[in-house]
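# Coordinate analysis (summary)
Below, each chain spelled out in residue letters.
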Amino acid sequence: MLKFILRRILIMIPQLFLLSVLIFLLAKAMPGDALTGQLAANPKMDPKTLAEMKEKLGLNDPVHIQYIRWVKNMLHGDLGLSYTHQQPVTDLLAGRIGNTVLLSAAILILTYLIAIPLGIVSGRWTDTWADKLIIGYSYIGFATPLFIFALIMLFIFGFHLGWFPTGGSVDVQVEEGTLAYYLSKLNHLMLPALSGALINTVITIQYLRSEIVDTKVKDFVKTARAKGVPERHIYWRHILRNSFLPIAAFLGYEITGLIGGSVFLESIYSYPGLGQLFLQSIMQRDYSVVTALVMISGLATLVGTLLSDIILSAVDPRIRIE
Amino acid sequence: MKAEISGPTPVGANIEKSPSAFSIMWREVVRDRLALGSLIILGILLAIVYGVSLFLDQEEIVKVDFLSIYSPPSAEHWLGTDYGGRDVFGQLIIGARNSFTIGLAITLITGLIGLTIGLIAGYFGGWIDNVIMRVIDFILVLPFLMLVIVFVAIVPKYNVLTFILIMSAFLWTGKARLIRAKTLAERELDYVSASKTLGTPDWKIIIFQILPNLSSIIIVNLTLNLAGNIGIESGLTYLGFGLPESTPSLGTLVSYATNPDVLQNKWWVWLPASLLILVMMLCINFIGQALKRAADARQRLG
């Protein structure tokens with residue numbers, strides 16, 4: 001097992017290197033460099049000082065030296081300066097990351113809260129009307145694009161019925177730290193999180209259903225039944241224990257989807273998180289922020305996949321790579 | 001199939017042939033009422049979209065008319081007009097045509113790349129397979145949506161063709177992985193070994209023997225991907241990083257809903273396009289699910 005984990009981490013190193021090279025090259029291809037931000041703050045800068053600063057910042061060095069310096073800075077937490085916000089990218093991200101993590105966590109929790117009961121009902125009582133209804137929902141949810149669903153949810157529950165706020169992450173009037181503040185945060189979170197979860201959950205429902213359908217005809221279940229184990233225990237202790245672990249392990253793979261989803265959800269519900277910041281920055285050509293965000297997302301995806309692979313192989317030794 | 005027990009079957013005797021993959025698929029779609037209905041609706045929709053768009057002038061549609069901004073649906077403008085006084089119905093037809101055509105183009109290109117690379121990796125194995133799989137693993141862990149947006153933003157001379165190429169560069173990997181896995185299983189079978197022993201060249205085995213056996217899986221995968229690609233394209237266009245403004249897509253109409261006033265009070269601008277995307281994707285998915293069952297003998301309806 002330890003050998004597998006080491007092997008798996010070793011595979012990640014070249015991926016990490018390639019990812020950083022790709023993003024560095026993209027950053028180089030973007031118009032503007034580290035000085036553009038300072039130039040915007042101080043447009044009357046002398047061309048001579050500019051050239052000196054360029055030399056000092058090493059923008060005239062060969063590409064590989066610039067790459068090494070870029071990686072070094074990143075490891076020290078220096079992601080450059082935002083050109084529109086006139087503050088270090090690290091500070092900018094720190095103010096936003098909480099909201100995105102909160103939204104993603106809420107989506108994940110709701111995803112499982114919806115998927116587990118529906119998956120169990122559908123897998124245990126196959127071909128009943130409940131099962132057909134759930135399958136119908138999962139087909140429709142699978143086909144519906146997230147951004148359309150989120151827009152329609154906002155239209156119906158935000159504007160038409162007025163049950164939920166239509167934008168932002170918290171009311172401006174409430175004081176930070178009070179109960180009202182947290183309630184307002186939760187209230188703003190509900191609609192985007194539900195929209196994400198109702199679409200995200202269908203794959204887990206389908207997986208859980210087919211897993212239960214496959215497992216419930218296996219010999220060990222028949223044996224348990226023959227021994228007289230009550231039906232409830234058969235499901236909870238024998239069948240579901242086998243299906244829950246892989247689902248829990250898929251958590252890491254979900255990160256890619258959550259990052260993509262947050263771009264749409266945060267833009268539709270004007271929710272101030274990293275996804276919204278990404279779109280704003282790319283439209284304002286604030287490329288140091290864009291680069292940092294892509295790098296962070298890539299890193300999160302890599303680590304997520306790593307964790308899922310490790311958990312899955314711990315659960316199921318058949319899938320260990322040799 | 002009828003098995004003749006007594007004696008060897010004479011050559012040319014009337015043996016019932018096992019049905020071809022296509023006739024099995026067709027039968028499955030017809031048996032499944034939902035899939036058949038979807039096929040008919042999709043057929044009618046596409047006929048209308050491609051038919052009417054022949055009579056519409058894209059230049060005329062995207063021309064701004066400030067005298068009729070945001071007019072609600074009427075006899076003149078069936079679905080009203082948008083913020084530039086442009087006819088929404090016309091934009092809907094042109095947008096649906098563009099979205100579908102581009103979704104199809106991306107599906108076919110990624111299908112071709114995925115098929116070629118998957119067949120090569122699966123058939124030859126060894127270091128070729130290793131290298132290809134590492135590349136695929138790498139592309140699969142990239143934050144796809146963000147990178148596409150970055151590419152779209154920095155590519156000089158951005159147009160429809162570059163959009164298709166950017167999308168295809170990322171989306172072939174899933175298919176290649178699927179085809180490789182199936183080819184890997186297929187090449188161990190006796191008919192491949194037999195052909196190899198007879199000295200059939202590799203490319204002939206791949207194209208004329210393995211490929212036909214993968215056809216049903218490929219068709220299922222392409223169908224489901226077509227729906228997905230239309231969704232991704234319109235989603236990116238919605239965000240402003242899809243098709244350029246000169247080629248309106250269904251996502252362009254939906255993106256007008258980023259203005260809360262339009263979303264709240266001018267449903268005719270964004271709702272028809274949203275529903276059209278939804279209906280198209282549902283229909284294609286239902287057809288795809290029926291085809292998927294056809295490809296798996298255990299799940300067929302009959």
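Residues numbered from 1 in each chain as written. Chains lettered and ligands numbered in written order. Predicted model: local features only at pLDDT ≥ 70, side-chain atom pairs only at ≥ 80, totals over all residues.

Looking at an unreviewed UniProt entry, one finds chain B named ABC transmembrane type-1 domain-containing protein and attributed to Geobacillus icigianus. The record held by UniProt for chain B lists under Subcellular location (unreviewed entry) the comment "Cell membrane". The UniProt entry for chain B carries the following text under Sequence similarities (unreviewed entry): "Belongs to the binding-protein-dependent transport system permease family." (UniProt positions renumbered as here; feature names shortened; annotations may be inferred.)

Chain A is annotated in an unreviewed UniProt entry as Glutathione transport system permease protein GsiC from Geobacillus icigianus. What the UniProt record of chain A gives under Sequence similarities (unreviewed entry) is the line "Belongs to the binding-protein-dependent transport system permease family."

### Considerations on the overall build of chain B
Tallying secondary structure elements over chain B gives twelve helices and zero strands in all. For chain B, the N- to C-terminal ordering of α and β elements is α-α-α-α-α-α-α-α-α-α-α-α. Evaluated residue by residue, chain B yields a buried proportion of 43% over its 302 residues. A fraction of 66% describes how many contacts in chain B between residues 6 or more apart in sequence connect residues 24 or more apart. (Helix = DSSP H or I, 4+ residues; strand = E, 2+ residues; numbered from the N terminus. Buried ≥ 20, exposed ≤ 12 C-beta atoms within 10 Å, placed from the backbone. Contact = placed C-beta atoms within 7 Å.)

### Section: the UniProt feature "domain: ABC transmembrane type-1" (unreviewed entry) in chain B
Those places that UniProt annotates as "domain: ABC transmembrane type-1" (unreviewed entry) correspond, in this numbering, to residues 96-288 of chain B. As annotated, residues 96-288 of chain B comprises 84% helix and 0% strand, and the C-alpha atoms at either end are separated by 20 Å.

### So, the UniProt feature "transmembrane region" (unreviewed entry) in chain B
Residues and elements named next belong to chain B. Residues annotated by UniProt as "transmembrane region" (unreviewed entry) correspond here to residues 34-56, 100-123, 135-154, 160-178, 205-224 and 267-288. In this annotation, residues 100-123 is assigned 100% helix and 0% strand; the end-to-end C-alpha distance for the span is 33 Å. Each end of residues 267-288 is marked by a C-alpha atom, and these two atoms are 31 Å apart; helix forms 100% of the span and strand 0%.

### Quick word on the UniProt feature "domain: ABC transmembrane type-1" (unreviewed entry) in chain A
Sequence positions flagged by UniProt for "domain: ABC transmembrane type-1" (unreviewed entry) are, in local numbering, residues 97-308 of chain A. Here residues 97-308 of chain A runs as 80% helix and 0% strand, with 22 Å between its end C-alpha atoms.

### What about the interface of chain A and chain B?
Opposite the 36 residues of chain A that make contact, chain B presents 30 residues. Those elements that place two or more of their residues in the side of chain A that touches chain B are helix H1 (2-29), helix H6 (129-143), helix H7 (146-160), helix H11 (254-268), helix H12 (274-283) and helix H13 (287-315) of chain A. Per-element tally for the side of chain A that touches chain B: the top contributor is H13(A), with eight residues. Of the residues assigned to the side of chain A that touches chain B, the class counts are 26 nonpolar, ten polar and no charged. (Nonpolar A, V, L, I, M, F, W, Y, C, P; charged D, E, K, R; others polar.)

### Section: the environment of A:Phe278
By the secondary structure assignment, A:Phe278 is in helix H12. Judged by local crowding, A:Phe278 falls into the buried class, with 29 C-beta atoms found within 10 Å. Here the alpha-carbon distance between A:Phe278 and A:Ser267, two residues eleven residues apart in the chain, equals 9.8 Å. Once residues lying within four places of it in the same chain are set aside, the contact partners of A:Phe278 are A:Val263, A:Val290, A:Leu293 and B:Met146.

### A few points about the UniProt feature "transmembrane region" (unreviewed entry) in chain A
Residues and elements named next belong to chain A. In this structure's numbering, the residues bearing the UniProt feature "transmembrane region" (unreviewed entry) are residues 101-121, 133-159, 189-208, 244-269 and 289-312. Secondary structure across residues 133-159 divides into 93% helix and 0% strand, with the first and last C-alpha atoms of the span separated by 28 Å. Each end of residues 244-269 is marked by a C-alpha atom, and these two atoms are 32 Å apart; helix forms 81% of the span and strand 0%.

### A word on helix H12 (residues 267-295) of chain B
With 29 residues, H12(B) should cover 42 Å at 1.5 Å per step; its first-to-last C-alpha distance of 41 Å lies within 8% of that length. For H12(B), a buried count of 24 out of 29 residues is recorded, marking the element as mostly surrounded by other parts of the structure. (Expected span 1.5 Å × (residues − 1).)

### Some thoughts on unusual backbone geometry
All names here are of chain A. One non-glycine residue with positive phi stands out, namely Asp 127, at about 65°. Relative to the helices and strands, Asp 127 is located in the loop between helix H5 (89-124) and H6. Notably, Ser 270 is not glycine yet its phi reads approximately 30°, a positive angle. Mapping Ser 270 onto the fold places it in the loop between H11 and H12. You can call Ser 270 partly exposed: it has 14 C-beta atoms within 10 Å.

### Focus: the environment of A:Val213
Residue and element names in this part refer to chain A. In this structure, Val 213 sits in helix H8 (residues 179-215). Judged by local crowding, Val 213 falls into the partly exposed class, with 15 C-beta atoms found within 10 Å. Separated by 91 residues in sequence, Val 213 and Ser 122 place their C-alpha atoms 9.1 Å apart. Setting aside its immediate chain neighbours within four residues, Val 213 contacts Gly 123 and Thr 126.

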